[in-house]
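# Examining the three-dimensional arrangement
Each chain, written out:
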Amino acid sequence: MVRIHSRQLGEIEVNPEQILDFPNGVPGFERQRRFVLVERAAFAPIVFLQCVDAPEVCFFTAPLAAIDPRYELAVTPEDLSVIGLCDPLQLANRDELIYLAVLAAAENGLWAANLLAPILIERRSRRGVQAVRVDSRYSHRHPIGPAGKPGSEASCS
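First things first, this report covers the structure right here in the doc. A quick note: this is a predicted structure, and the numbers were derived from the prediction, not measured.

### Quick word on the packing of aromatic side chains
- Within this structure, the stated rule accounts for 7 aromatic pairs.
- Plain terms: the ring middles of F60 and W111 are 5.7 Å apart, the flat faces sit at 35° to each other, and that makes the pair tilted. Of this pair, F60 sits in strand β6 (residues 58-63) while W111 is found in strand β8 (residues 110-122), placing the two residues 51 residues apart along the sequence.
- Feature note: the residues F22, F29, F35 and F59 constitute an aromatic cluster, connected by ring pairs.

### Some points on the pattern of salt bridges
- Applying the stated rule across the entire model yields 8 salt bridges.
- Across the salt bridge formed by R3 and E13, the nearest N and O atoms sit 2.9 Å from each other. With R3 in strand β1 (residues 2-6) and E13 in strand β2 (residues 10-14), this residue pair connects regions lying 10 residues apart in the sequence.
- Judged by relative accessible area, which is 52%, R3 ranks as exposed.

### Considering the layout of surface pockets
- Of the volumes computed, that of the largest pocket is approximately 530 Å³.
- What lines the largest pocket is a set of 21 residues, and nearest its centre among them are L37, L97, I98, Y99 and R123.
- For the lining of the largest pocket, a count of residues per class yields 13 nonpolar, 1 polar and 7 charged.
- Estimates place the volume of the second largest pocket at around 240 Å³.
- V102, L103, A104, A105, A106, E107, A112, A113, N114, Q130, H140 and R141 are the residues that line the second largest pocket.
- Put simply, the parts of the chain that give the lining of the second largest pocket at least two residues each are β7 (97-105) and β8.
- The element contributing the most residues to the lining of the second largest pocket is β7, with 4 residues.
- Tallied by class, residues from the lining of the second largest pocket come to 7 nonpolar, 3 polar and 2 charged.

Reading the values: the criteria
- Residues numbered from 1 in each chain as written.
- Predicted model: local features only at pLDDT ≥ 70, side-chain atom pairs only at ≥ 80, totals over all residues.
- Heavy atoms only, no water.
- Phe/Tyr/Trp six-rings, centres within 6.5 Å; stacked < 30°, edge-to-face > 60°.
- Helix = DSSP H or I, 4+ residues; strand = E, 2+ residues; numbered from the N terminus.
- Salt bridge = Lys/Arg side-chain N within 4 Å of Asp/Glu carboxyl O.
- Buried < 20%, exposed > 50% of the residue type's maximum accessible area, 1.4 Å probe, protein only.
- 1 Å grid on protein atoms, 1.4 Å probe; cavity = no way out; pocket = protein on both sides within 12 Å on 5 of 7 lines; lining within 4 Å.
- Points joined across faces, edges and corners; volume = space filled by probe spheres on them.
- Nonpolar A, V, L, I, M, F, W, Y, C, P; charged D, E, K, R; others polar.

What follows is the structure, encoded as structure tokens:
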């Protein structure tokens, strides 16, 4: 087991087989490449994307389907390659992939989801990428609901 002393989640133990590899890191956090998904029933459907090697780095995320059930994914061939896929048709197999949106608290007290750059994780390879869209169909500040008190931080980092 791997122990992580997360500033936000406390001490957590994870099976090494649960560790996800983000070969390119996450934009703004390119050096952090190993993450785990942590679910807490009290926060559902929020899923914490906790960095293994930098415990101070943790992101609030939520399944894309919980935010926009009609979301249409657009992924570059380069991003597909990062997670070990070669054909965009493989994205249709939703059992093998996890689709998440990174959440943040907006100044107006609402949660906002980054639908412009979702996180994609291929379950078998345990590889992930933040797939930045090349179009502007979706926003990086898609409002989704109250965040509690205005100005609160939604990112653990």
